[in-house]
Amino acid sequence: MTAPVPAPDANDPAGRSGPLAPTETAFTLLVTSVLDYGIFMLDPTGHVSSWNAGAERIKGYGASDIIGKHFSVFYPPEDIAADKPGLELEAAIADGRLEDEGWRIRQDGSRFWANVVITPLFGETGELRGFGKVTRDMTERRAAEQALSERRRLFTHLVQAQELERRRIAWDVHDDTIQAMVAVGMRLQLLADQSDDPYARELTRLDASVREAVGRLRNLTFRLQPPGIDRHGLVEALSQHLDDVVSADWGLEPSLHHDVRTEPAPETAITIFRIVQEALLNVHKHARARSVRISVTTEDKGLLVRVTDDGTGRPALAHRLHEHFGLMEMRERAETAGGWWTFRSEPGTGTTVEFWVPDLPPGVLDEPLPGPPAGHRDSTTALQEPS
């Protein structure tokens, strides 16, 4: 059986000495005591008729200073000149509610960024009785959002600068160093064909060394500039890397599972590719694994990526991240992008690298990723194929 609600004390109408009953008085006490929101009423002409503690904290006015004054005193001069206060009341009446964000003025003249909701209040017969107004100070949130936006802009510039330098090096190595070494190899082979032993054998060995060096340089250019990511997207670039490098060159059994709902921004895709590329290189060098699994899924306005191998596991690295450049680079890339990175390794169960990065919103950076320099023989596959 529900216990009866005690009658309010006539000497304590607000119920301060005991539990508050769900009365108009209790509700009024609640509203007037709220500090995080400015909650007050306007009469039908826009003059302040009530004032709570939150409004005083946010706007600086005491109740005696502001009640009876027109609420346009909260607006900057440019908004008053445009009759924004009156237009907002009209819009609230027409639409039943108005929400706005913009600059407002405190009593001391300082500005703050406010979220404002205005609700018209009508009587039982439909006449306008006034307006309810709720104000929140959003200055700190706006500053945080602007800082995040600036960080994202700086991040995209950083990614582009890194990729431009990688591509420049790849093109220089391909168009200059590799071509020169290929020419040397051809000359050595020609001399070997024209020479007698033992010079022919020595020249052939030198030619083989040059060819091996050319192959290593071509692998370097491939790592510097992965083909396909600009034209075909993240998933295709990862798939090609698994086929061409992880499977063909390293002999691992790779698998790729993905649930990417929309293609990420180019800077996000490149960041993910680079982290996965480094994680796979660590598997190749250290894990003694037979297979590696990659999953890429859209999650929480970003992409969650896992790279898991079936190797021996190296738990000591989890306590020595600062000593391992590859792990440091992966974590720094993820965190610079505004995401997170983690590393788990257990003996006999392999290693998992997991990270999440937010996808950049459209229009953060308008410039496309850099293209090849003038006069370059434009072909991503040219960086891998013999010339």
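Preceding this paragraph is the structure being described.
Residues numbered from 1 in each chain as written. Predicted model: local features only at pLDDT ≥ 70, side-chain atom pairs only at ≥ 80, totals over all residues. Heavy atoms only, no water.

## Observations regarding helix H6 (residues 139–194)
Here is step 1 of the chain: The first and last C-alpha atoms of H6 sit 81 Å apart over 56 residues, in line with the 82 Å expected at 1.5 Å per residue.
Here is step 2 of the chain: Residue valine 173 marks the point of greatest curvature in H6, where the axis turns by about 35°. (Helix = DSSP H or I, 4+ residues; strand = E, 2+ residues; numbered from the N terminus. Expected span 1.5 Å × (residues − 1). Bend = angle between axes of the 7 residues up to and from the residue.)

## Focus: the pattern of salt bridges
Here is step 1 of the chain: Going through the model one piece at a time under the given rule, you end up with 16 salt bridges.
Here is step 2 of the chain: Put simply, aspartate 100 and arginine 104 hold a salt bridge, and the shortest N to O gap is 3.1 Å. Both residues of the pair, aspartate 100 and arginine 104, count as buried.
Here is step 3 of the chain: Here the residues in one salt-bridge network are Asp79, Lys84, Glu88, Asp100 and Arg104, joined through shared partners. (Salt bridge = Lys/Arg side-chain N within 4 Å of Asp/Glu carboxyl O. Buried < 20%, exposed > 50% of the residue type's maximum accessible area, 1.4 Å probe, protein only.)

## Considerations on the sheet that holds strand S6 (residues 291–299)
Here is step 1 of the chain: Here five strands make up an open sheet; going across it, the order is S5-S6-S7-S9-S8 and the pairing mixed. In this open sheet, the two edge strands, each paired with only one partner strand, are strand S5 (253–259) and strand S8 (340–346). Here the average twist between neighbouring strands, direction ignored, is 10°.
Here is step 2 of the chain: In terms of strand pairing, S6 meets strand S7 (residues 302–309) through eight bridges, oriented antiparallel. Bridging from a neighbouring strand, isoleucine 294 pairs with valine 307 of S7.
Here is step 3 of the chain: Along the sheet, helix H9 (residues 234–247) makes contact with S5, S6 and S7, crossing S5 at roughly 175°. (Pairing = 2+ DSSP bridges. Axes fitted to C-alpha atoms, helices over the stretch in contact; angles between N-to-C directions. Contact = heavy atoms within 4.5 Å.)

## Brief notes about the packing of H6 against helix H10 (residues 266–287)
Here is step 1 of the chain: Their axes nearest at 10 Å, the elements H6 and H10 cross at an angle of 60°. Classified by the angle between their axes, H6 and H10 sit oblique to one another. For H6 against H10, the interelement crossing comes out left-handed. In this structure, H6 contributes Phe155, Thr156, Val159, Gln160, Glu163 and Arg166 to the contact, and H10 contributes Glu267, Ile270, Thr271 and Arg274.
Here is step 2 of the chain: Split into classes, the residues belonging to the contact of H6 with H10 amount to three nonpolar, three polar and four charged. (Parallel < 35°, antiparallel > 145°, perpendicular 65-115°, else oblique. Left-handed = near helix turned anticlockwise from the far one by under 90°. Nonpolar A, V, L, I, M, F, W, Y, C, P; charged D, E, K, R; others polar.)

## Points about the side chain of glutamine 277
Here is step 1 of the chain: For glutamine 277, the location among the structural elements is in helix H10.
Here is step 2 of the chain: Here glutamine 277 falls in the buried class, since its relative accessible area comes to 11%.
Here is step 3 of the chain: A polar contact of 3.0 Å, which involves the side chain of glutamine 277, links it to the side chain of arginine 274. (Polar contact = N/O pair within 3.5 Å; in protein donor to acceptor, adjacent residues only side chain to side chain.)

## Things to note about the pairing of S6
Here is step 1 of the chain: Bridge count between S5 and S6: seven bridges; the pairing is parallel. Note that in S6 the partner of glutamate 253 across the bridge is serine 291.
Here is step 2 of the chain: For the segment spanning S5, H10 and S6, crossover handedness is left-handed. (Right-handed = clockwise from strand over helix to strand, strands pointing away.)

## A few points about the side chain of serine 72
Here is step 1 of the chain: Note that serine 72 resides in the loop between helix H3 (63–66) and helix H4 (77–81).
Here is step 2 of the chain: Beyond its immediate chain neighbours, meaning those up to four positions away, serine 72 contacts Ile80 and Pro85.

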